[in-house]
Amino acid sequence: MTTVKDRFSIILTNDEMNRTKICEKENGITDVSVDVHGLDVKDSKRLVNNIINLAPCKLQLHIIHGYRHGTAIKTMINTRLFNEKIEGIYPDERNMGLTHIYVL
């Protein structure tokens with residue numbers, strides 16, 4: 001049986017895998033956190049889209065983008081990230097540097 005981590009490692013670079021934390025749950029929904037600090041908007045968008053497209057199951061994707069050194073990545077996620085597998089995009093209510101994406 002192929003794990004989510006195995007699927008991601010086929011496409012993602014070692015640096016991208018190091019930025020990604022995966023927690024496979026028994027309920028069929030996988031939690032994935034990805035830290036995009038230090039990436040530009042283009043690379044962040046590509047990484048997030050690759051994770052969404054490679055997901056073999058439902059995901060709760062938590063994107064750590066920060067906000068103190070600009071909001072370009074946060075803005076991209078909320079206004080220019082389109083993927084048919086995205087069920088919803090929700091900024092974190094308590095942490096302005098975190099956005100949650102629910103993936104079907």
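Refer to the preceding data block for the structure.
As a starting point, this report considers the structure included with it. Owing to the predicted nature of the structure, the values given are computational and were not obtained by experimental measurement.

Rules of the game
Residues numbered from 1 in each chain as written. Predicted model: local features only at pLDDT ≥ 70, side-chain atom pairs only at ≥ 80, totals over all residues. Heavy atoms only, no water. Axes fitted to C-alpha atoms, helices over the stretch in contact; angles between N-to-C directions. Helix = DSSP H or I, 4+ residues; strand = E, 2+ residues; numbered from the N terminus. Parallel < 35°, antiparallel > 145°, perpendicular 65-115°, else oblique. Left-handed = near helix turned anticlockwise from the far one by under 90°. Contact = heavy atoms within 4.5 Å. Buried < 20%, exposed > 50% of the residue type's maximum accessible area, 1.4 Å probe, protein only. Polar contact = N/O pair within 3.5 Å; in protein donor to acceptor, adjacent residues only side chain to side chain. Pairing = 2+ DSSP bridges. Core = buried A, V, L, I, M, F, W, Y, C linked by side-chain atoms within 4.5 Å. Nonpolar A, V, L, I, M, F, W, Y, C, P; charged D, E, K, R; others polar. Right-handed = clockwise from strand over helix to strand, strands pointing away. Salt bridge = Lys/Arg side-chain N within 4 Å of Asp/Glu carboxyl O.

**With respect to the packing of helix α1 (residues 4–11) against helix α3 (residues 41–54)**
Geometrically, a packed helix pair is captured by the angle between its two axes and the distance between the axes.
Then, number 1: In the contact formed by α1 and α3, the axes pass within 10 Å of each other and the chain directions differ by 135°. Looking at the two axes, α1 sits oblique to α3. In this structure, α1 crosses over α3, and the sense of that crossing is right-handed. Between α1, through Arg7, Phe8 and Ile11, and α3, the contact on the second element is made entirely by Asn50, Ile51 and Leu54.

**Structural notes on the side chain of Glu16**
Then, number 1: Mapping Glu16 onto the fold places it in helix α2 (residues 14–18).
Then, number 2: Its relative accessible area of 5% is what places Glu16 among the buried residues.
Then, number 3: Looking at Glu16, its side chain comes within polar contact range of the main-chain nitrogen of Thr13, at 2.9 Å.

**Describing the pairing of strand β5 (residues 98–103)**
The side chains of a regular strand alternate, residue by residue, between the two faces of the sheet.
Then, number 1: Counting buried residues in β5 gives 5 out of 6 residues, a clear majority hidden from the surface.
Then, number 2: Where strand β3 (residues 58–64) meets β5, 6 bridges bridge the pair, whose relative direction is antiparallel. Residue Ile63 lies in a different strand from β5, and its bridge partner there is Thr99.
Then, number 3: By the bridge criterion, 5 bridges tie strand β4 (residues 86–91) to β5 in an arrangement that is antiparallel.

**Observations regarding the nonpolar core**
Then, number 1: One finds Phe8, Ile51, Leu61, Ile63 and Ile101 to be the most contacted residues of the largest nonpolar core, which totals 24 residues.
Then, number 2: Looking at this core, the elements that each hand over two or more residues are α1, β2 (29–35), α3, β3, α4 (72–79) and β5.
Then, number 3: In terms of residue count, the dominant contributor to this core is α3 (5 residues).
Then, number 4: Setting aside chain neighbours within four positions, we find Leu61 in contact with Val32, Val34, Val48, Ile51, Ile52, Thr99, His100 and Ile101.

**Focus on the packing of α3 against α4**
Then, number 1: Two elements in contact, α3 and α4, have axes whose closest approach is 9 Å; the angle formed by their N-to-C orientations is 45°. Classified by the angle their axes make, α3 and α4 are oblique. Crossing geometry of α3 relative to α4 is assigned as right-handed. Contact residues: α3 offers Val41, Ser44 and Lys45, while α4 offers Ala72, Ile73 and Met76.
Then, number 2: Here the contact of α3 with α4 is composed, by residue class, of 4 nonpolar, 1 polar and 1 charged.

**Observations concerning the pairing of β3**
Then, number 1: Sheet analysis places β2 next to β3, joined by 7 bridges and oriented parallel. Directly across from Thr30, in β3, lies its bridge partner Leu59.
Then, number 2: Taken together, β2, α3 and β3 form a β-α-β motif whose crossover is right-handed.

**Let's talk about the pattern of salt bridges**
Then, number 1: This structure, assessed with the given rule, holds 3 salt bridges.
Then, number 2: Across the pair Asp15 and Arg19 runs a salt bridge whose closest N-O atoms are separated by 3.1 Å.
Then, number 3: The exposure class of Arg19 is buried, given its relative accessible area of 19%.
Then, number 4: Across the salt bridge formed by Asp31 and Lys25, the nearest N and O atoms sit 2.9 Å from each other.
Then, number 5: Of the residues examined, Asp31 reaches a relative accessible area of 17% and is grouped as buried.

Everything listed here is a matter of geometry and, on its own, says nothing about what the molecule does.
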